[in-house]
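Close look at the chain arrangement
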Amino acid sequence: MKALIFDVDGTLWDSRRPVAIAWDRVIEKETGKPLGLNEENITYLFGKPMDEICACVFPELPKEKQLEIGNKCFAYENEYLAEDPGTLFPGVEETLEKLAASYPLYIVSNCQSGYIEVFLESKGLGHCFKGHLCFGDTHLSKGQTIRRLMKEHGLTDVVYIGDTQGDANACAEARIPFVFAEYGFGECEKADGRIAAFSELLTMFPKTGTEGTPARREL
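The paragraphs below set out a description of the structure included in this document. Please read all numbers here as calculations on a predicted model, not as lab measurements.

A short note on the overall build of the chain
Broken down by element type, the chain carries nine helices and eight strands. Along the first, second and third principal axes, the C-alpha set of the chain runs to 55 × 30 × 30 Å. If you take every contact in the chain between residues at least 6 apart in sequence, the share linking residues at least 24 apart comes to 64%. For the chain, the accessible surface area stands at approximately 10300 Å², while carbon and sulfur atoms represent 49% of it. Once the 23 positive and 35 negative side-chain charges of the chain are each reduced to a mean point, those two points are 4 Å apart.

Digging into the pattern of salt bridges
What the rule picks out here adds up to 10 salt bridges. The residue K72 makes a salt bridge to E68 at a minimum N-O spacing of 3.9 Å. Within this pair, K72 and its partner E68 are both found in helix α3 (residues 63-83), separated by four residues, close to a single helical turn. On the accessibility criterion, K72 (36% relative accessible area) is partly exposed. Each of E30, K65, E68 and K72 takes part in one network of salt bridges that share partners.

A word on the packing of aromatic side chains
Inspection of the entire model under this criterion finds 12 aromatic pairs. Plain terms: the ring middles of W13 and F119 are 5.0 Å apart, the flat faces sit at 70 degrees to each other, and that makes the pair edge-to-face. A residue pair is termed long-range when its members are at least 10 positions apart, and W13 in strand β2 (residues 13-14) and F119 in helix α5 (residues 115-123) qualify at 106 residues. With respect to class, W13 is no different from F119; both count as buried. Judged by centre distance (6.1 Å) and plane angle (75 degrees), the ring pair of Y103 and F205 falls under edge-to-face.

Remarks on the sheet that holds strand β8 (residues 193-195)
One open sheet holds the six strands; their spatial order is β5-β4-β1-β6-β7-β8, and the pairing between them is parallel. Two strands lie at the open edges of the sheet, namely β5 (131-134) and β8, each paired on one side alone. Each neighbouring strand pair of the sheet contributes to a mean axis angle of 20 degrees, computed without reference to strand direction. Alignment of strand β1 (residues 3-6) against strand β4 (residues 105-109), held across three bridges, turns out to be parallel. Pairing of F6 across the sheet is with I107, part of β4.

Overview of unusual backbone geometry
At H139, a residue that is not glycine, the phi angle is positive and equals roughly 55 degrees. Residue position: H139 is located in the loop between α6 (135-138) and α7 (142-153). Among the residues examined, H139 registers a relative accessible area of 56% and is labelled exposed. Unlike most non-glycine residues, R175 shows phi in positive territory, near 60 degrees. Position of R175 among the secondary structure elements: in the loop between α8 (165-174) and β7 (178-181). Given the relative accessible area of 41%, R175 is considered partly exposed.

What counts, and where the lines are drawn
- Residues numbered from 1 in each chain as written.
- Predicted model: local features only at pLDDT ≥ 70, side-chain atom pairs only at ≥ 80, totals over all residues.
- Heavy atoms only, no water.
- Helix = DSSP H or I, 4+ residues; strand = E, 2+ residues; numbered from the N terminus.
- Contact = heavy atoms within 4.5 Å.
- Areas by Shrake-Rupley, 256 points an atom, 1.4 Å probe, with all protein chains shown as cover.
- Lys, Arg positive; Asp, Glu negative; His and termini not counted.
- Charge placed at Lys NZ, Arg CZ, Asp CG, Glu CD.
- Salt bridge = Lys/Arg side-chain N within 4 Å of Asp/Glu carboxyl O.
- Buried < 20%, exposed > 50% of the residue type's maximum accessible area, 1.4 Å probe, protein only.
- Phe/Tyr/Trp six-rings, centres within 6.5 Å; stacked < 30°, edge-to-face > 60°.
- Pairing = 2+ DSSP bridges.
- Axes fitted to C-alpha atoms, helices over the stretch in contact; angles between N-to-C directions.

Laid out in structure tokens, this is it:
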């Protein structure tokens, strides 16, 4: 049976506003000066691994200091999102409910440990997913994290849905098909399938699971 693996940011929800607030609070506390982060000027950070985000936000600091402040930001981010969560993209809740009735669903993200849990709990979507894995759990590339999740859950026939070229690259590394969410935060030159709205997945992956699916790459 085909399984579907999802990215979170830019694919399932938009958490840029609360994330920017959380980061600026920690940065002001740690450095005495907020950076004036907002949902527009942090968009390019979403989808990157945690260590790359720290390097982008604190380029003038030594790597150890980047990670020290960054880890505090990530920890508070989880706390703050539990109180002020992101916003689901249109049709996400209803579509996931329907997909979960026919396919096992999973999440793989480059986020910190605890972030996916906050997403699932704050939006009441935990029952839709069979499992998840992230960079904070594995400290591996997204492609390798996808492969680890596949191994842990005995998956062989999967499709990944994400919104950046980085997601496409991860799928190439993992040797699985990629569906690009055009409404998200990034761009992608080549994908096995494209959706302009999340609900289009119901047409791409009907209940039978045999029609309309993107061409499968050899695993």
